[in-house]
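# Analysis of the macromolecular model
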Amino acid sequence: EVQLVESGGGLVQAGGSLRLSCAASGFIFADYAIGWFRQAPGKEHEGVSCISSSDSSTYYADSVKGRFTISNDNAKNTMYLQMNSLKPEDTAVYYCGLRRGKGTYWNYYGIDYWGKGTLVTVSS
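It should be emphasised that the depicted structure is a prediction, and the values quoted were computed from it without experimental measurement.

### What about the state of the cysteines?
According to the stated counting rule, one finds one disulfide in the structure shown. With a sulfur-sulfur separation of 2.0 Å, Cys22 is cross-linked through a disulfide to Cys96. On the S-S bond that ties Cys22 to Cys96, the torsion sits near -80°, and the link is left-handed. With Cys22 in strand S3 (residues 18-25) and Cys96 in strand S9 (residues 92-100), this residue pair connects regions lying 74 residues apart in the sequence. For Cys96, a relative accessible area of 0% gives the class buried.

Next comes the structure, spelled out in structure tokens:
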């Protein structure tokens, strides 16, 4: 079956960096978007970033634009989120998600497959 497995979460001080990874297996799709949602304590799920398999176009939430960079290594079936200049408000469980189809439309209810999540904690 389709599996998405996150790694790379941890504890970091404000201003530091982390790189999250999402390894995908169990499927072959020509067109999909893969990326990240996060859920902070007491908050709703927020779309963070995604990348399209079709043309490598990307989406970033305004809250992370300029600080986070998403990339996709198709040969390794692994997607990465490089997170720099981290802030305490970035603290959340980060979930890898995949939506079948073209483009970078990225909403919580349109996701076809989910990972289990990885915790990112940014201390002040």
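### Regarding the pairing of strand S5 (residues 46-52)
Put simply, side chains in a regular strand alternate between the two faces of the sheet. Most of S5 sits inside the fold, with six of its seven residues counted as buried. Relative to S5, strand S4 (residues 32-39) runs antiparallel, the two being bridged by six bridges. By the bridge assignment, Gly35 is partnered in S5 with Cys50. Between S4 and the antiparallel strand that follows it, S5, lie six residues; Gly42 among them carries a positive phi value of about 75°. Summarising the sheet, S5 and strand S6 (residues 58-60) pair through three bridges and their orientation is antiparallel. The residue bridging Cys50 from the neighbouring strand is Tyr59, located in S6. Linking S5 back to S6 in an antiparallel pair, the connection comprises five residues, with Ser56 at a positive phi of about 65°.

### Things to note about the pattern of salt bridges
One pass over the full model with this rule turns up five salt bridges. Across the pair Arg38 and Asp90 runs a salt bridge whose closest N-O atoms are separated by 3.0 Å. Of the two residues, Arg38 is situated in strand S4 and Asp90 in the loop between strand S8 (78-83) and S9; the sequence distance between them amounts to 52 residues. With respect to burial, Arg38 and Asp90 carry one shared label: buried. Here Arg67 makes a salt bridge to Asp90, at a shortest N to O gap of 2.8 Å. Of this pair, Arg67 sits in the loop between S6 and strand S7 (68-73) while Asp90 sits in the loop between S8 and S9, and the two are 23 residues apart along the sequence. Residue Arg67 is classed as buried on the basis of its relative accessible area, which comes to 11%. Using a relative accessible area of 0% as the deciding quantity, one classes Asp90 as buried. Here the residues in one salt-bridge network are Arg38, Glu46, Arg67 and Asp90, joined through shared partners.

Cut-off values and rules
- Residues numbered from 1 in each chain as written.
- Predicted model: local features only at pLDDT ≥ 70, side-chain atom pairs only at ≥ 80, totals over all residues.
- Heavy atoms only, no water.
- Disulfide = S-S within 2.5 Å.
- Helix = DSSP H or I, 4+ residues; strand = E, 2+ residues; numbered from the N terminus.
- Buried < 20%, exposed > 50% of the residue type's maximum accessible area, 1.4 Å probe, protein only.
- Pairing = 2+ DSSP bridges.
- Salt bridge = Lys/Arg side-chain N within 4 Å of Asp/Glu carboxyl O.

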